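Per-entry structural report
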Amino acid sequence: PLTRKKYSLLLLLTPLVLAEMAIQAMYLVNLRPNIITSCCGSLFGKGSDGLSVDLAALPALPMMAAYYLCMSLLITTGLLFLRRGKFGRCFSLLAVTVFPVSVVSLISCFSLYFYELPSHHCPFDILHGEYGHIGYLLYAALLGGTITGAGVGMLMPCRKIASLRAVMSGLQKRLALASITSFSIFTAVVSWQTVFSGLSLRGY
């Protein structure tokens, strides 16, 4: 029943993929290796301007509270969906919403605990070896949770198709479980680092 819709979406997706390839190729071709690039200090330092500075300037502890509130709502809604099959759209919306909240929280507060410096907000340095490449796990969990969570909501209309109803129910629950697991991994890692870090942000 979804064959025509899938190929219609493929026709819409193809020019976007080609455009992305062209833009990336132009970027790589125009790179100048003799020009020194700006480091994270120039992006997130106090003398810099732009969105990155605004995100880094957000108060750490309130952002942490906002993150845990959103994550609590997400997990609670996801468990209700797994148990009763309800609130699927709400769970999907929360999964998409938690993504920017998590990124902003990582920049404004959680990254400080990884670096143990109250002025280091860069979200990229946690990918480096001196921090155990933990950033790869964090970003994989965050993206995985968002994509699978969004998939729950995108499949809701398919439950109205009689021949797909039984299949969709099981698939949505697996996606919801994968999303909850991924977000839980992200939360566990940042929470562990926050609790056992040598940095204290009281009053910061």
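These lines cover the structure that appears in this document, whether it is placed above or below. (Residues numbered from 1 in each chain as written. Predicted model: local features only at pLDDT ≥ 70, side-chain atom pairs only at ≥ 80, totals over all residues. Heavy atoms only, no water.)

**A short note on the overall build of the protein**
Looking only at helices and strands, the protein has seven helices and zero strands in total. When each of the 204 residues of the protein is scored for burial, the buried share is 38%. Split by element, the accessible area of the protein, about 12,600 Å² in all, is 70% carbon and sulfur. (Helix = DSSP H or I, 4+ residues; strand = E, 2+ residues; numbered from the N terminus. Buried < 20%, exposed > 50% of the residue type's maximum accessible area, 1.4 Å probe, protein only. Areas by Shrake-Rupley, 256 points an atom, 1.4 Å probe, with all protein chains shown as cover.)

**Some thoughts on the nonpolar core**
One finds Leu74 and Leu138 to be the most contacted residues of the largest nonpolar core, which totals 38 residues. Those elements giving two or more residues to this core turn out to be α4 (60-84), α5 (88-115), α6 (134-154) and α7 (165-196). Among the elements that make up this core, the one with the highest residue count is α5 (12 residues). (Core = buried A, V, L, I, M, F, W, Y, C linked by side-chain atoms within 4.5 Å.)

**Digging into the layout of surface pockets**
Its volume calculated, the second largest pocket comes out at about 200 Å³. Lining the second largest pocket we find Leu2, Lys5, Lys6, Leu9, Met154, Leu155, Pro157, Cys158 and Ile161. At three residues, the largest contribution of residues to the lining of the second largest pocket is made by helix α1 (residues 3-29). Looking at the lining of the second largest pocket residue by residue, the class counts come to seven nonpolar, no polar and two charged. (1 Å grid on protein atoms, 1.4 Å probe; cavity = no way out; pocket = protein on both sides within 12 Å on 5 of 7 lines; lining within 4 Å. Points joined across faces, edges and corners; volume = space filled by probe spheres on them. Nonpolar A, V, L, I, M, F, W, Y, C, P; charged D, E, K, R; others polar.)

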